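# Understanding the architecture of this molecule
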Amino acid sequence: MLLLGFFLGLAVGIGFWVWQQVQLNRYLGRLLRPLTSHSYKMGLLLIPGLRQEIAMVKQQRQDLQQSLQTYQDLLDFAPVGYLQVDEENQLLWCNRQAQEISYLQRWHPEQVRLLLELVRSYELDHLIEQTRDRQKPQTGEWIFHPSCDDAAEMATIKSLALRASSLPLPNGQVGVFLENRQPLLDINQVRDRYFSDLAHELRTPLTSIRLVVETLQNRLEPPLNRWVNRLMQEVDRLINLVQSWLDLTQMEANPNMQLQAKAVELRSLITSVWETLEPLAQRQHLSFSYSGPENLWIKADKARIYQVFLNLLDNSIKYSPPGTSIHVEAKILSTKDNDPVSSILEINLIDSGVGFSEADLPHVFERFYRGDKARTHSPQDSNSIGAIVGNGLGLAIVEQILIAHGGSIKAMNHPETGGAWMQLQFPEVMANSLSQDYS
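Here the structure is a predicted model, which is why all the values come from computation and not from measurement. Along each chain, residue indices are assigned from 1 in the same order as the chain's sequence is written. Where totals are concerned, whole chains, interfaces and linings use all residues; where local detail is concerned, this predicted model gives features only for residues with pLDDT of at least 70, and gives and counts side-chain atom pairs only at 80 or more. Only hydrogens and water are set aside when side-chain values are computed; all heavy atoms of the structure are taken into account.

### Quick notes on the packing of helix α7 (residues 225-253) against helix α10 (residues 394-404)
- All axes are obtained by fitting lines to C-alpha atoms, using only the stretch in contact for helices, and the reported angles, taken between N-to-C directions, cover 0 to 180 degrees. Each helix is a run of DSSP H or I of at least 4 residues and each strand a run of E of at least 2, with the numbering of both proceeding from the N terminus. Running from N to C, α7 and α10 cross one another at 35°; their axes reach a closest spacing of 10 Å. Where α7 crosses over α10, the two elements pack in a sense that is left-handed. Note on element contacts: α10 touches α7 through Ala396, Ile397, Gln400 and Ile401, opposite Ser244, Leu248, Met251 and Glu252. The hand of a helix crossing depends on one turn: near helix anticlockwise from the far one by less than a right angle means left-handed, and clockwise means right-handed. A contact between two residues is defined here by any heavy atoms of the two lying within 4.5 Å.

Okay, structure coming up:
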């Protein structure tokens, strides 16, 4: 009885397979019926090949699905976050890291919801829209403040410094890589605190060493005193380094530092700085030129702004070839339909030196950063007259001073001279300058 059931099932299976083949042949026959008999016969001969091709396509589809799953698993365990949205900014998929960074505990893969409902970050939403509109990869950085439904957990949730890199995908979709930069910033803060503590501890012994060196200078005769003079230069350099670090740390900790703001005539201040540095410029036969309004009045801390131009002009002198010129150009820009009240002052300082390499430009205002050419030691470092140079902190201090004044600075290479091009902007121009410029 068991054998009878087995053979009966086998016969039914074979019959079903034969019936499928007959139906397939009839279907192909109807497709090939408009052709000639010769073509019809040729078409029947092609049926085994078509079946083989169909099998290959199925296999390729399975391979692609497996590869897709493999890439998805790799993204899921990647150390950076990744999320993908459709043309309507609905979240399609995100990996584990993105869920942790964006606090996406409420989202499940089977859900289709707007990203802005899940991640309350208008900066991220704007970046995605910008990527879709421009059809080019975009990057952005911002401080992300996570939202939380549970009020008890709000105290434990920290704001994060995020960096996002987005790229356009087909059918209006956008992919975004998210990087949590907060741990790096925390490490930098700890490092800066340690350096500041060390700088405070070094200031007293360095002052004592300098007093000893001054005493030796008065007691030694040539040629022995030249070694003491060299020691004095190095001690002064260390003292300048320590003081510069303390100043920079204080500025960064308190961007709105106390400024002794008053009316400053910028044209005469720049001239005064150049006169201070002129002995250095004469050694290389460098010339100085100025173009722009004569009366440029701003409300600023005169000592701090003097420090800015002392550093910038000193750098230009150090890295300018002999016989070239350093040019300062000033102009007043109107921000609202030529309205003098909303004008800003722009200062362009241009030299003919080595300039910056493309790799150095994004980092020139970082502390202790030195590029291949523009941020290396110069033999003139020890001869600079009061400028904050040779320690890798000068441009960082310049930037912080301008930020404290509500201004900005940008480093570029000038297209004509090939040298460094520093562009400074001051947000407030006093009426003295405006009346002179618009009269």
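### Examining the confidence of the model for the protein chain
- Residue-level confidence of the predictor is what pLDDT reports, using numbers from 0 through 100. For the protein chain, per-residue confidence averages 81 on the pLDDT scale, and residues scoring 70 or more make up 80% of the total.
- Taken together, the stretch residues 373-389 has pLDDT below 50 and engages in 52 contacts with residues farther than four places along the chain or on a different chain.
- Residue range residues 434-439 is modelled with pLDDT below 50. Its contacts to residues more than four positions away, or to other chains, number 10 contacts.

### Remarks on the packing of helix α9 (residues 302-318) against α10
- Across the interface, α9 lies against α10 with an axial gap of 10 Å and an inter-helix angle of 145°. In the crossing of α9 with α10, the sense of the turn from one axis to the other is left-handed. Touching Arg304, Gln307, Val308, Asn311, Leu312 and Asn315 of α9 are Gly394, Leu395, Ile397, Val398 and Ile401, all from α10.
- Within the contact of α9 with α10, the residues separate by chemical class into six nonpolar, four polar and one charged. Put simply, Ala, Val, Leu, Ile, Met, Phe, Trp, Tyr, Cys and Pro go in the nonpolar bin, Asp, Glu, Lys and Arg in the charged bin, and everything else, Gly too, in the polar bin.

### Observations regarding the pairing of strand β12 (residues 420-426)
- Categorising residues by exposure relies on relative accessible area from a 1.4 Å probe, with only protein chains included: less than 20% of the type maximum marks a residue as buried, more than 50% marks it as exposed, and the intermediate range marks it as partly exposed. Along β12, six of the seven residues are buried, which leaves the element largely enclosed by surrounding structure.
- Alignment of strand β10 (residues 343-350) against β12, held across six bridges, turns out to be antiparallel. Note on β12: the bridge partner recorded for Leu345 is Phe426.
- By this definition, two strands are paired if DSSP reports at least two bridges between them. Here six bridges tie strand β11 (residues 408-413) to β12, and the two strands are oriented antiparallel to one another. Considered in β12, the bridge of Asn413 is made with Ala420.
- Where β11 hands over to β12, the hairpin turn is made up of six residues, of which Gly418 adopts a positive phi near 80°.

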